[in-house]
Amino acid sequence: MAEKKPRYLEVMDYIYSEMEKGALKQGDRMPSEKELCDRFGLSRQTIRHATGLLEKEGVITRVRGSGSYIGEISDAEDRPRYMNVAVMLTYLDNYIFPKVVWGISNTLSQSGYSMQLNFTDNSVEKEEEILKSLLSNQNIDALIAEPSQGSLQNPNRKYYMELKEKHIPVLFINASYPNLDFPCIRLDDEWIGSQAVHLLAENGHKRIAGIFHCEDSQGSCRYLGYRKGLRECGLDVTGDQVIWLDTRGIQDVEELTPYILERIEGCTGVFTYNDEVASRLIHGCKRAGLHLPEDLSIVSVDDAEMAANLHPSVTTFPHPKEVLGQVAAENLIHLLNNPFYDANRTFRPEPVIRKSVADLRQRSKTAI
């Protein structure tokens, strides 16, 4: 008669099988002891014997207070702590980033970390210089970064991968590079694009244009959401009513307004990439003799101070700013203590309703 297989081996074989199938990957959290007890009908002592052998073989790592994870993290735990976090953003003078920086800095300092602040001016060349310097000095514990021209192919991937190989956690904010598997703290840009269209459609708008930034992934995601929203509302989706602008184009929106108005002729509403675009478009429309929101309604993103002070004041989806910075710093500290921590977070803010959206349903009733 064949010798009966020890029950603890069933547990080990199950974990190996799940890894082979790809159901459990490097960094994934293992099922809890209770879950394994229930699955196999075994005691906790037997389960602990199995997981203890898996840990001894280097298959899993136990993290106190968190659970067990696939893979080893001993090298990361052995790294010295400098209590210094690098932060690399695109711009300082942008209306978003001062509050984001404050949120990061305040949270880091409360945990005893200092902040090393760098700016790329949205240039991949400057990003490269900064990454090289950080790798050369090797005096940082982690990096919080905003991608430069994030919708384009990233030429600096090798430097990010070198940080990963050195067990230096990287966390992106606002957006992430598509070819890098690092956590990100961001707005749910696709959801916002869809909701902006719904907001306009619910006010009777049937032809809705979109103005987007072509160089960053937020623009691409908001565009995808915009198209999704049009389909959900049963409205036409055409390329004629979509305008893509680079960074220089966004700065020149007021001068480009005649071209924009020609492109979106017949549209009663527009979803703009952010409040900066909305502000410049409003000034350009006034120069062109339009009355807002009667001739053109606008929905935007960020809830910058300018959005409330414009005439008309702008309906906008707020960026969490300081809160985003706080969450980024908190999650990064979690990553430093547990490399397998899921540090991703997305925000779905409710719109701030102001004066920039006309209710065309009321206009239709008057016409009747």
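Note that the structure is predicted; figures quoted are calculated from it, not measured. (Residues numbered from 1 in each chain as written. Predicted model: local features only at pLDDT ≥ 70, side-chain atom pairs only at ≥ 80, totals over all residues. Heavy atoms only, no water.)

Asks: How do you make sense of the side chain of Lys321 when you look at a structure like this?
Replies: Here Lys321 lies in the loop between β12 (315-318) and α14 (322-337). Of the side chains bearing the opposite charge, Asp303 lies closest to the buried Lys321, which forms no salt bridge; the N-O distance is 5.2 Å. There is a polar contact of 2.6 Å between the side chain of Lys321 and the backbone oxygen of Asp302. (Helix = DSSP H or I, 4+ residues; strand = E, 2+ residues; numbered from the N terminus. Buried < 20%, exposed > 50% of the residue type's maximum accessible area, 1.4 Å probe, protein only. Lys, Arg positive; Asp, Glu negative; His and termini not counted. Salt bridge = Lys/Arg side-chain N within 4 Å of Asp/Glu carboxyl O. Polar contact = N/O pair within 3.5 Å; in protein donor to acceptor, adjacent residues only side chain to side chain.)

Asks: Is there a simple way to think about the nonpolar core in this case?
Replies: Most often, soluble globular proteins keep nonpolar side chains buried together rather than apart. Formed by 44 residues in total, the largest nonpolar core has its most connected members in Ile144, Leu171, Ile173, Ile185 and Tyr226. Those residues within four positions of Ile185 in sequence are excluded, and the remaining contacts are Leu171, Phe172, Ile173, Asn174, Leu324, Val327, Ala328, Asn331, Ala343, Asn344, Arg345 and Phe347. Counting 23 residues, the second largest nonpolar core, distinct from the first, contains Leu261, Leu281, Ala307 and Leu310. (Core = buried A, V, L, I, M, F, W, Y, C linked by side-chain atoms within 4.5 Å. Contact = heavy atoms within 4.5 Å.)

Asks: Would you take a moment to explain the pattern of salt bridges for this structure?
Replies: Where charged atoms of side chains with opposite charge meet at close range, the side chains can pair. Following the criterion strictly, the structure yields 15 salt bridges and no others. The shortest N-O distance in the salt bridge between Glu18 and Lys21 comes to 2.8 Å. Taken together, the residues Glu18 and Lys21, both in helix α1 (residues 7-21) and three residues apart, mark about one turn of the helix. Between Asp189 and Arg186 there is a salt bridge, with its nearest N and O atoms 3.3 Å apart.

Asks: When you look at helix α9 (residues 217-232) in this model, what are you seeing that I'm missing?
Replies: Each α-helix winds once per 3.6 residues, and so residues spaced three or four apart point in a common direction. Taking 1.5 Å of rise per residue, 16 residues should cover 22 Å, and α9 covers 22 Å from first to last C-alpha, within 8% of that figure. Of all the residues in α9, the buried ones are Ser217, Gln218, Gly219, Arg222, Tyr223, Gly225, Tyr226, Gly229 and Leu230. Summarising the contacts, the buried residues of α9 are in contact with β7 (184-187), α8 (189-202), β8 (208-213), β9 (242-245), β10 (269-272) and β11 (297-302). A positive backbone phi angle near 70° is found at Gly234, which sits one or two residues after α9. (Expected span 1.5 Å × (residues − 1).)

Asks: Honestly, the sheet that holds β12 in this entry has me stumped. Any pointers?
Replies: Picture the strands of a sheet paired through backbone hydrogen bonds; they go either parallel or antiparallel. Overall, parallel pairing links the five strands, which are arranged β9-β8-β10-β11-β12 in an open sheet. The sheet is open, and its two borders are formed by β9 and β12, each paired with just one other strand. Averaged over neighbouring strand pairs, the angle between their axes works out to 15° when direction is ignored. As judged from the four bridges shared by β11 and β12, these two strands associate in the parallel manner. Of the residues in β12, the one forming a bridge with Ser300 is Thr316. Each of β8, β10, β11 and β12 touches helix α12 (residues 275-287); the most contacted strand, β11, lies at about 150° to it. (Pairing = 2+ DSSP bridges. Axes fitted to C-alpha atoms, helices over the stretch in contact; angles between N-to-C directions.)

Asks: Before we go on, may I ask you to explain unusual backbone geometry in this structure?
Replies: Trans is the prevailing form of peptide bonds, just as negative phi is the prevailing case for residues other than glycine. Note that the residue after Leu292, namely Pro293, is joined by a cis bond; omega there is 5°. Counting through the fold element by element, Pro293 comes out in the loop between α12 and β11. The peptide bond linking His311 to Pro312 adopts the cis configuration, its omega dihedral lying at 5°. The residue Pro312 is located in the loop between α13 (305-309) and β12 in this model. Positive phi outside glycine occurs at Met83, with the angle close to 55°. For Met83, the position within the fold is in the loop between α4 (74-78) and β3 (84-89). For Met83, a relative accessible area of 30% translates into the label partly exposed. The residue His167 is not glycine, and still its phi comes out positive at about 60°. Following the sequence through the fold, His167 ends up in the loop between α7 (157-165) and β6 (170-173). Overall, His167 belongs to the partly exposed group, its relative accessible area being 33%.

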